[in-house]
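Spelled out from the first residue to the last, the chains are:
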Amino acid sequence: MSKNQPEELKSVPQHIAIIMDGNGRWARARLLPRMAGHRAGAENLRRIIKACVEFGIRYLTIYAFSTENWSRPKDEVAGLMNIFADLLEKEVPELHAEGVQIRHLGKIEDLNPALQKKLLNAIDFTKENDRLVLCIAINYGGRDEIVQAVKEIISEGIPADAITPQVIADHLFTAGIPDPDLIIRTSGEVRTSNYLVWQSAYSEWLFTGTLWPDFDKENLRKAILEYNTRTRKFGGRTSEEKKEAYNG
Ligand code: IPE
Ligand code: IPE
Ligand code: MG
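The residue numbers shown here count from 1 along each chain, following its written sequence. Just so you know, chain letters begin at A and ligand numbers begin at 1, following the order they were written in. Reporting of local features is limited, given that this is a predicted model, to residues whose pLDDT is at least 70; pairs of side-chain atoms are given and counted only at 80 or more, and all residues count toward the totals for whole chains, interfaces and linings. Derived side-chain values reflect all non-hydrogen atoms in the structure, with water molecules and hydrogen atoms excluded from consideration.

Draft legend 1. Structural context of the side chain of D181. Structurally, D181 can be placed in the loop between α6 (165-170) and β5 (182-185). Think of a polar contact as two N or O atoms within 3.5 Å of one another; within protein, one of them needs to be a possible hydrogen donor and the other a possible acceptor, and neighboring residues in sequence only count if both atoms come from side chains. A polar contact of 3.0 Å, which involves the side chain of D181, links it to the backbone nitrogen of Q14. The contact definition used throughout considers only heavy atoms, calling two residues in contact when any of these lie within 4.5 Å. Beyond its immediate sequence surroundings of up to four residues, D181 is in contact with P13, Q14, H15, S203, E204, Y227 and R232. Under the DSSP-based scheme used, a helix requires at least four consecutive residues in state H or I and a strand at least two consecutive residues in state E, with every element numbered from the N terminus.

Draft legend 2. Structural view of the site of ligand 1. When we say a residue is near a molecule or strand, we mean one of its heavy atoms is within 4 Å of it. Taken together, the neighbourhood of ligand 1 is formed by 13 residues, with D21, G24, R25, R34 and R72 sitting nearest. Between ligand 1 and R25, the relevant distance is 2.7 Å, taken from an oxygen atom to a side-chain nitrogen or oxygen of the residue. The Shrake-Rupley method, run with a 1.4 Å probe sphere, supplies the accessible areas, and residue values consider only the shown protein chains as cover. For ligand 1, whose unbound accessible area comes to 380 Å², protein coverage reaches 86%. Contributing elements (two or more residues each) for the shell around ligand 1: α1 (23-29), α2 (34-55) and α3 (74-97). If one sorts the elements of the shell around ligand 1 by residue count, α1 sits on top with three residues.

Draft legend 3. Highlighting the pattern of salt bridges. When a carboxyl oxygen of Asp or Glu lies within 4 Å of a side-chain nitrogen of Lys or Arg, that pair is called a salt bridge. Taken as a whole and judged by the stated rule, the model has 23 salt bridges. Linking E43 and R46 is a salt bridge whose minimum nitrogen-to-oxygen distance equals 3.0 Å. A residue pair is termed a helical-turn pair when its members lie 3 or 4 positions apart in one helix, as E43 and R46 do in helix α2 at three residues. On the basis of relative accessible area, E43 is assigned to the partly exposed category, the value being 37%. Residue burial is assigned from relative accessible area. The probe radius is 1.4 Å, only protein chains are included, and a residue is buried under 20% of its type maximum, exposed over 50%, and partly exposed in between. Taking the relative accessible area as the measure of exposure, R46 reaches 27% and is therefore partly exposed. In the salt-bridge network here, residues are joined through shared partners; they are D21, R25, R185, E189 and R191.

Draft legend 4. A look at the site of ligand 2. All residues in the neighbourhood of ligand 2 are listed as I19, M20, D21, Y63, A64, F65, N69, R72, R185, R191 and S193. Between an oxygen atom of ligand 2 and a side-chain N or O atom of R72, the distance comes to 3.2 Å. Within the side chain of R191, an N or O atom sits 2.8 Å from an oxygen atom of ligand 2. Side-chain classes are defined by residue name, with Ala, Val, Leu, Ile, Met, Phe, Trp, Tyr, Cys and Pro counting as nonpolar, Asp, Glu, Lys and Arg as charged, and the others, Gly among them, as polar. Looking at the shell around ligand 2 residue by residue, the class counts come to five nonpolar, two polar and four charged.

Draft legend 5. Seen up close, the packing of aromatic side chains. Centres within 6.5 Å make a pair out of two Phe, Tyr or Trp rings, where for Trp the six-membered ring is used; the pair is then stacked when the planes are under 30 degrees apart, edge-to-face when over 60, and tilted otherwise. Under the definition given, this model contains nine aromatic pairs. Their ring planes at 10° and their centres at 4.3 Å tell us that Y63 and Y195 sit as a pair that is stacked. Within this pair, whereas Y63 is found in strand β2 (residues 59-66), its partner Y195 is found in the loop between β5 and β6 (204-207), the two being separated by 132 residues in sequence. For the pair shown, Y63 and Y195 are each scored as buried.

Draft legend 6. α2, seen in detail. An ideal rise of 1.5 Å per residue puts 32 Å on 22 residues; α2 measures up with 31 Å between its terminal C-alpha atoms. Phi turns positive, to about 80°, at G56, one or two residues after α2. In a helix, the anticipated span is given by 1.5 Å times the number of residues less one.

Draft legend 7. Geometry of the packing of α3 against helix α4 (residues 113-125). Each axis is a line fitted through C-alpha atoms, taken for helices only over the stretch in contact, and angles between the N-to-C directions span 0 to 180 degrees. Interhelical geometry of α3 versus α4 gives an angle of 20° and a closest axis separation of 10 Å. Here α3 is positioned roughly parallel relative to α4, judged by the angle of their axes. Remark: the crossing between α3 and α4 carries left-handed chirality. Across from M81, F84, A85, L88, E89, V92 and H96 in α3, the residues of α4 making contact are L115, K118, L119, A122 and F125. Angular relationships are summarised with four words: roughly parallel below 35 degrees, roughly antiparallel beyond 145, roughly perpendicular across 65 to 115, and oblique for the angles in between. Crossings are classed by handedness, with left-handed meaning an anticlockwise turn of the near helix from the far one by less than a right angle and right-handed meaning a clockwise turn.

Draft legend 8. Representation of the sheet that holds strand β1 (residues 15-19) in the model. Strands are labelled as partners when DSSP assigns at least two bridges between them. Read across the sheet, six strands follow the order β3-β4-β2-β1-β5-β6 without closing on themselves; strand pairing throughout is parallel. Edge strands, defined here as strands with exactly one partner in the open sheet, are β3 (100-105) and β6. Taken over all neighbouring pairs, the strand axes of this sheet differ in orientation by 20° on average, direction set aside. As judged from the seven bridges shared by β2 and strand β4 (residues 132-140), these two strands associate in the parallel manner. The residue of β4 that forms the bridge with L60 is L134. Taken strand by strand, helix α7 (residues 217-229) contacts β1, β5 and β6, and its axis lies near 135° from that of β5.

Right, dumping it as structure tokens:
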């Protein structure tokens, strides 16, 4: 338990994943250009990372740019890439000081060389940290991830009989990271949009109408409280149910 963690957050999820959606609508509601929404979203991300550290979350995975987001207008894509580069440039020293380890999920080779370099530097610079692992999904798609895992498995010559769910998990971008306990999607959309397709098999989902730039620490605290009311069963029975069972 982290020392600043509020008493009521006794059992925080180990791994929270977020689909940070609604930047465009946030800007439109204020008659601002879309990029202003993306900048506000990036600002908010800084706050939410801090809150996660404070609440004692061990893994935070954020959906920053999907494989499908390349289909947006060129200017928007370029603007988003600039924001990511800027964030990495400015925030890594402070994240490092707070004990955050940065990882990337997605195909790095399709990103522009300057952004690739910043991302790889940030990953290398923070690799010994273990307070919070921040997985940044940029150019990430769940189906793409599974396809590349299958390709790797085949190229390693692993025989069909040896393929298990664990072998597949070990070849995903998230290798070594526990599956998300709680996935939050902001902005009112109720779909997964190709996020963590494999890893979310038993995640608890929380959909909120709040737009990403407005999703603050208090919303996060409420999401964790909601998570704490859920009963996870993983296809089995809870210990309570086992106690009550009279016919095996
Ligand atoms: C999420 O906000 C950011 C990215 C997908 C990169 P959107 O840009 O999707 O915002 P809406 O959904 O149009 O409001
Ligand atoms: C999902 O949001 C991707 C990110 C938040 C990065 P989108 O806005 O791209 O998803 P759809 O198009 O509404 O499904
Ligand atoms: Mg959207």
